[in-house]
Amino acid sequence: MKLLFVQKVKGLAGSEKYFLNLFPGLLSKGHEVEFVVLFEKIHLSDIASFTKELQKLGVRTHLINTTGYFSLTTLNGLRKTISNSNPDIVHSHLIHADFYCSLVKMLFQSKLVLVSTKHGYDESFMQKFGLEKEKPVKSLYYLIARFSEKWINRSFAVSMGLRDLFVRYGIAKSGRIDTIFHGIKIEGSLPLISERKEKKLNLLILGRLFDLKGHEFALGACYRLKQNKVNFELNIAGSGEHLNYLQELTKELGLSGQVNFMGYVDNPNSIIANSDVVLVPSKSEGFGLVAIEAFAFKKPVICFDVAALNEVVINEFNGFVIPPFDVELFAEKLQVFYNEPQKRIEFGNNAYDTLKDKFSIDKMVDTTLEFYSKCLPDTEEETHIGLFCISLQGGG
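Just so it is clear, the structure is predicted and the values come from calculations on it, not from any experiment.

Caption draft 1: Geometry of the sheet that holds strand S11 (residues 277–280). Ordered in space as S10-S9-S8-S11-S12-S13, the six strands form an open sheet in which the pairing is parallel. Sheet topology places strand S10 (259–263) and strand S13 (319–322) at the edges, where each strand pairs with a single neighbour. Neighbour-to-neighbour, the strand axes of this sheet turn through a mean angle of 20 degrees, independent of strand direction.

Next up, the structure:
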């Protein structure tokens, strides 16, 4: 099977990590994978690390420059690439790729087998409402999503909460959108962390520094830990537009000695391994990849009871799920981990078991291939399937 993936790319983040986890499994099973990177010139240097990883895997990569909401040059370039590649399936990711691929199908290739993955929704919408709002805001994003879905054969979302949103808003029909969770590689052995001489709680937050991630809630909880004389350190790994705001808030709360802003961390494995608890204080998440990355290192997670983190973290089993956005209770549960180190170990082991049972790469690859098989035209004899994936950088 030949698969062509399409996405707009700004750098190496959540959806790009998804591809790097998925592609080795597809390739090992004999499928051919190509990737169309839609990019803006200002991000050309930022996408280099991602394209290098694709090249290491042996994935043929096509770069197509794009500008603004729509470009005829981009559309024509994509049309030619799809025609020359002649994939069995075109698999688009994020709203820009969905839109351009739908236009190619509508205008030029009506028989194109087009599928889509929903990694999230409009960022500005999610910052205000999360995934819980009953009725949609009829924005440009919403209108493009509805148009695109009419030309997509079948879609899947990376969480049930996200799938429910697309169905509830009338973007996708219930019978034409599935749910396939992310999966990540389970290492053969975990790094051994030496016992610390002092009683100290090492906390970690991973992710972009912007409003949706809720860093201020974690800082508020840490302020309460300091008041209660808890010995702790919070490492914040990531970059983004909220850096100055969060640094100022840290100073105002008197936490400069306990909070460390690490900037962007290319490979976070070592800092996850050296943490005791991973905090994911987001207001909403399309999935919650950071949580299962923590599970891979037997780390419990504390989050709020919001979609789709509440599909990953199980309260009192592999972490704590706090009512939104109860900072006092968040701090109390952090103190439980401080006072009861054995509970961290128990929850961490449970987290690792959750990862193996529900979020392994093998399960993600097998489920994805089953999804593809439902989308292909019925054939009496085995065919060679080629996947073409287009990624457009942007929300949703």
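Caption draft 2: Summary view of the side chain of Thr81. Relative to the helices and strands, Thr81 resides in helix H3 (residues 72–85). With a relative accessible area of 12%, Thr81 lands in the buried category. A distance of 2.8 Å separates a polar atom in the side chain of Thr81 from the backbone oxygen of Gly77.

Caption draft 3: The arrangement of the packing of aromatic side chains in detail. All told, the structure shown has 30 aromatic pairs when counted by the stated rule. Measuring from ring centre to ring centre gives 4.9 Å for Tyr121 and Tyr141, while their planes differ by 75 degrees; the resulting arrangement is edge-to-face. Remark: Tyr141 occurs in helix H6 (residues 140–149) and Tyr121 occurs in the loop between strand S5 (114–118) and helix H5 (123–129); sequence separation between them is 20 residues. Consider the rings of Phe287 and Phe359, whose centres lie 5.8 Å apart with planes at 70 degrees: the pair is edge-to-face.

Caption draft 4: Structural context of the pairing of strand S6 (residues 154–157). On S6, burial covers both faces: Arg154 and Phe156 on one face and Ser155 and Ala157 on the other are all buried. This β-α-β element, S6 to helix H7 (residues 160–168) to strand S7 (residues 177–179), shows right-handed connectivity.

Caption draft 5: View of the nonpolar core. Counting 99 residues, the largest nonpolar core has Tyr121, Leu203 and Leu279 as the members making the most contacts within it. Sorting elements by how many residues they give to this core places helix H4 (residues 94–107) first, with seven residues.

Caption draft 6: Geometry of the pattern of salt bridges. With the rule as written, the count across this model stands at 19 salt bridges. Between Asp178 and Arg154 there is a salt bridge; the shortest N-O distance is 2.8 Å. Here the residue Asp178 occupies a position in strand S7, and Arg154 occupies one in strand S6, the gap between them amounting to 24 residues. For the pair Asp178 and Arg154, a shared accessibility class is recorded, and that class is buried. Salt bridges sharing common partners tie together Asp98, Lys118 and Glu149.

Criteria and thresholds
Think of each chain on its own: its residues are numbered from 1, step by step along the sequence as written. Restriction of local features to residues with pLDDT of at least 70 applies here, the model being predicted, together with a cutoff of 80 or more for giving and counting side-chain atom pairs; totals for whole chains, interfaces and linings are based on all residues. For side-chain calculations, the full set of non-hydrogen atoms in the structure is used, while hydrogens and water are omitted. Two strands are counted as paired when DSSP detects at least two bridges linking them. Note on conventions: DSSP H or I runs of at least 4 residues are helices, E runs of at least 2 residues are strands, and numbering of each starts at the N terminus. Fitting a line to C-alpha atoms yields each axis, with helices limited to the stretch in contact; the angle taken between N-to-C directions then spans 0 to 180 degrees. The buried label applies to any residue whose accessible area, calculated with a 1.4 Å probe on protein chains only, is under 20% of its type's maximum; exposed applies above 50%, and partly exposed to all values in between. Residues adjacent in sequence count toward polar contacts only when both atoms are side-chain atoms; beyond that, a polar contact is any pair of N or O atoms within 3.5 Å, and within protein one must be able to donate a hydrogen and the other to accept it. Note on aromatic pairs: the rings of Phe, Tyr and Trp (six-membered ring only in Trp) are paired at centre separations within 6.5 Å, and the planes decide the class, stacked below 30 degrees, edge-to-face beyond 60, tilted for the rest. Here is how to tell: hold the view so the strands point away, follow the path from the first strand over the helix to the second, and if it runs clockwise the crossover is right-handed. We define a nonpolar core as any set of buried Ala, Val, Leu, Ile, Met, Phe, Trp, Tyr and Cys residues linked to one another through side-chain atoms lying within 4.5 Å. Salt bridges are defined as contacts in which a side-chain nitrogen from Lys or Arg sits within 4 Å of a carboxyl oxygen from Asp or Glu.

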